Amino acid sequence: MEGMQAYGAGKAGGAFDPVTFFQQPQTILRIVSWLFSIVIFGCIANEGYINRPNEVEEYCIFNRNQNACNYGVFMGSMAFLCCMAFLALDVYFPQISSVKDRKKAVLADVGVSAFWSFMWFVGFCFLANQWQVTNHEDNPLREGGDAARAAITFSFFSIFTWAGQSFLGFQKYKLGADSALFSQDYTDPSQDVAGAPYTSFGGEDVESPEGGGQTKSDGAFDGSGGYQRQDY
């Protein structure tokens, strides 16, 4: 019985329902965050490096600061992989029968999502600042401007999508904590026949085939009931 309906999942081993899975708010936020990471990574990797007409070497569009582009590419690629990993965990989560393992998974979701929300906040501030102080003379043709602004915009949106995932994970943890404690201690009486103590009906004991070795009940048998042996 361990793990039943603990931390937001039903009975372990239940069938996977893709329609219900993709309708969950947490799944929607993960997919949206996954798409945002692709946009950020793609914009910077494809159009985030430019050069002057008289130069051969390309520099980052964000104030010619290579660290800004490296940060955006790294964050986008890692967020992409992280979203895929947690989507896979969400699919596998109902199959986890251990309450402790479910608790670890939910806490990891809360912590990682909060971390990514903070990192995207830092990334948004960093990219926005570097774009603000960019010298337009370094890009006279105004190349890659839309891609740079898209990267900044979706970095801002990613703050809230990851924060939403952290919030939903925390709600799952709060709701699941009580049910987890319940499922650890609860045992369905109908499923625990082997562990139930034997009691006789109406104080009568069952006679063994040899006529001896009667089972003793909690109260001492005093013979007042007048046990009668059946003669065949």
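Residues numbered from 1 in each chain as written. Predicted model: local features only at pLDDT ≥ 70, side-chain atom pairs only at ≥ 80, totals over all residues. Heavy atoms only, no water.

Draft legend 1. How the structure looks around the UniProt feature "transmembrane region" (unreviewed entry) in the chain. UniProt's feature table lists "transmembrane region" (unreviewed entry) at residues 31–51, 71–93 and 105–131, given in the numbering used throughout. The span residues 71–93 is 96% helix and 0% strand, and its two end C-alpha atoms sit 32 Å from each other. For residues 105–131, the helix share is 100%, the strand share is 0%, and the end-to-end C-alpha distance is 38 Å. (UniProt positions renumbered as here; feature names shortened; annotations may be inferred. Helix = DSSP H or I, 4+ residues; strand = E, 2+ residues; numbered from the N terminus.)

Draft legend 2. Spatial organisation of helix α2 (residues 25–47). Spanning 23 residues, α2 covers 33 Å between terminal C-alpha atoms, matching the ideal 33 Å at 1.5 Å per step. Within α2, burial applies to Gln 26, Thr 27, Arg 30, Ser 33, Phe 36, Ser 37, Ile 40, Gly 42, Cys 43 and Ile 44. (Expected span 1.5 Å × (residues − 1). Buried < 20%, exposed > 50% of the residue type's maximum accessible area, 1.4 Å probe, protein only.)

Draft legend 3. How the structure looks around the packing of aromatic side chains. Under the criterion given, the structure shown has 13 aromatic pairs. Considering the side-chain rings of Phe 21 and Phe 22, the 5.1 Å spacing of their centres and the 80° angle between planes classify their relative orientation as edge-to-face. Taking the relative accessible area as the measure of exposure, Phe 22 reaches 46% and is therefore partly exposed. A ring pair is formed by Phe 115 and Trp 116, whose centres lie 6.1 Å apart and whose planes are at 75°; its orientation type is edge-to-face. (Phe/Tyr/Trp six-rings, centres within 6.5 Å; stacked < 30°, edge-to-face > 60°.)

Draft legend 4. Local environment of the nonpolar core. Of all hydrophobic cores here, the largest spans 26 residues; its most connected members are Ile 44, Phe 62, Met 75, Trp 116, Trp 120, Leu 127 and Trp 162. If you list the elements that add at least two residues to this core, you get α2, α3 (66–92), α4 (99–132) and α5 (145–185). For this core, the leading source of residues is α3, giving eight residues. If near-sequence neighbours (up to four positions away) are discounted, Trp 162 is found in contact with Ser 33, Ala 79, Cys 82, Cys 83, Ser 113, Trp 116, Ser 117 and Trp 120. (Core = buried A, V, L, I, M, F, W, Y, C linked by side-chain atoms within 4.5 Å. Contact = heavy atoms within 4.5 Å.)

Draft legend 5. A look at the side chain of Gln 26. Within the secondary structure, Gln 26 is located in helix α2. Judged by relative accessible area, Gln 26 falls into the buried class, the value being 8%. A polar atom in the side chain of Gln 26 sits 2.5 Å from the side chain of Asp 109. Those residues in contact with Gln 26 that lie beyond four places of it in its chain are Asp 109, Gln 165, Leu 168, Gly 169 and Lys 172. (Polar contact = N/O pair within 3.5 Å; in protein donor to acceptor, adjacent residues only side chain to side chain.)

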